[in-house]
Amino acid sequence: MPQRFVRLIIASLSIGLTGCHEDRTTVAFGDAKRGIALIERNGCGTCHIIPGVEGADGLVGPPLTMMARRIYIAGVARNTPQNMTVWLQNPQAVVPGNAMPNMNLTQQDARDVTAYLYTLR
Ligand code: HEC
């Protein structure tokens, strides 16, 4: 657990250092184009309103509008790229019993989806 914490701090620090070039950080983190394709393929839009994704008008989960500007993910985890990939890969581990299923995303998938979500500001 402490090691994981240290990694989170390092992740936030490296993002903090490049704070005024967030777009570049996002691009380095994952491939937003692949991310949007994964969002379409996995049907995230059946549960979420997602700007830029056709037909994504679901009302099961919260709208993902301005996701890059939110402070928390699901009200419990700080909204960092690192935490977002953790959430996307296993939402049940973060908030047990919530309605978002495990979508079986790989680490790379989660990074690419995160890159797209962080274009929403
Ligand atoms: C079956 C419905 C469902 C599907 C499919 C689904 N989600 Fe969710 N999602 C939810 C629910 C419900 C929550 C709220 C969880 C909570 O707050 O405890 C949520 C929360 C989120 C959040 C946090 C939003 C916030 O405001 O903090 C993100 C980001 C997210 N989902 C992204 C995705 C992505 C990307 C996909 C596709 C890979 C996806 N979801 C698929 C239901 C779904």
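My aim in this report is to walk through the structure given alongside it, one point at a time.

The rules behind each value
Residues numbered from 1 in each chain as written. Predicted model: local features only at pLDDT ≥ 70, side-chain atom pairs only at ≥ 80, totals over all residues. Heavy atoms only, no water. Donors = N, O, S within 2.8 Å, 3.2 Å for Na, K, Ca; no water. Tetrahedral: all angles 85-135°; square planar, octahedral: opposite > 155°, others 65-115°. Helix = DSSP H or I, 4+ residues; strand = E, 2+ residues; numbered from the N terminus. Buried < 20%, exposed > 50% of the residue type's maximum accessible area, 1.4 Å probe, protein only. Near = heavy atom within 4 Å. Polar contact = N/O pair within 3.5 Å; in protein donor to acceptor, adjacent residues only side chain to side chain. 1 Å grid on protein atoms, 1.4 Å probe; cavity = no way out; pocket = protein on both sides within 12 Å on 5 of 7 lines; lining within 4 Å. Sits in = over half its atoms within 2 Å of the grid points. Salt bridge = Lys/Arg side-chain N within 4 Å of Asp/Glu carboxyl O. Points joined across faces, edges and corners; volume = space filled by probe spheres on them. Nonpolar A, V, L, I, M, F, W, Y, C, P; charged D, E, K, R; others polar.

Looking at the coordination of the iron atom of the ligand
Octahedral metals with six donors have ideal donor angles of 90 or 180 degrees. Tetrahedral metals with four donors have an ideal donor angle of 109.5 degrees. Protein ligation of the iron atom of the ligand involves His-48 (NE2) and Met-100 (SD), the donor distances falling in the range 2.0 to 2.2 Å. Classification of the site at the iron atom of the ligand as octahedral follows from its 6 donor atoms and the range of 87 to 179° in their angles at the metal. A residue pair is termed long-range when its members are at least 10 positions apart, and His-48 in the loop between helix H3 (32-42) and strand S1 (72-73) and Met-100 in the loop between helix H5 (91-94) and helix H6 (107-117) qualify at 52 residues. Each member of the pair, His-48 as well as Met-100, is classed as buried.

Details of the site of the ligand
Around the ligand sit 23 residues, and of these Cys-44, Cys-47, His-48, Ala-74 and Met-100 come closest. Separating a nitrogen atom of the ligand from a side-chain N or O atom of His-48 is a distance of 2.8 Å. In this structure, Ala-74 approaches the ligand through a main-chain N or O atom, which is 2.7 Å from an oxygen atom. Its atoms largely coinciding with the cavity grid, the ligand occupies the largest pocket. Of all elements in the fold, only S1, helix H4 (81-89) and H6 reach the threshold of two or more residues within the shell around the ligand. A total of 3 residues in the shell around the ligand trace back to one element, the largest contributor, which is H4.

A short note on unusual backbone geometry
Despite not being glycine, Met-66 shows a phi value in the positive range, around 55°. Note on Met-66: relative accessible area 41%, which makes it partly exposed. Look at Ala-74: it is not a glycine, yet its phi comes out positive at around 55°. Along the chain, Ala-74 turns up in the loop between S1 and strand S2 (77-78).

A short note on the pattern of salt bridges
Summed over all chains, the structure comprises 2 salt bridges. A salt bridge links Arg-34 to Asp-109; the shortest N-O distance between them is 2.9 Å. Here the residue Arg-34 occupies a position in helix H3, and Asp-109 occupies one in helix H6, the gap between them amounting to 75 residues. A relative accessible area of 35% places Arg-34 in the partly exposed class. A cluster of three or more residues bridged by salt bridges with shared partners is formed by Arg-34, Asp-109 and Asp-112.

Here's the deal with the layout of surface pockets
If you add up the space inside the largest pocket, you get close to 530 Å³. Around the largest pocket, the lining comprises 29 residues; the ones closest to its centre are His-48, Pro-62, Leu-64, Trp-87 and Met-100. When residues of the lining of the largest pocket are traced back to their parent elements, those giving at least two are H3, S1, H4 and H6. Residue composition of the lining of the largest pocket, grouped by class: 22 nonpolar, 6 polar and 1 charged.

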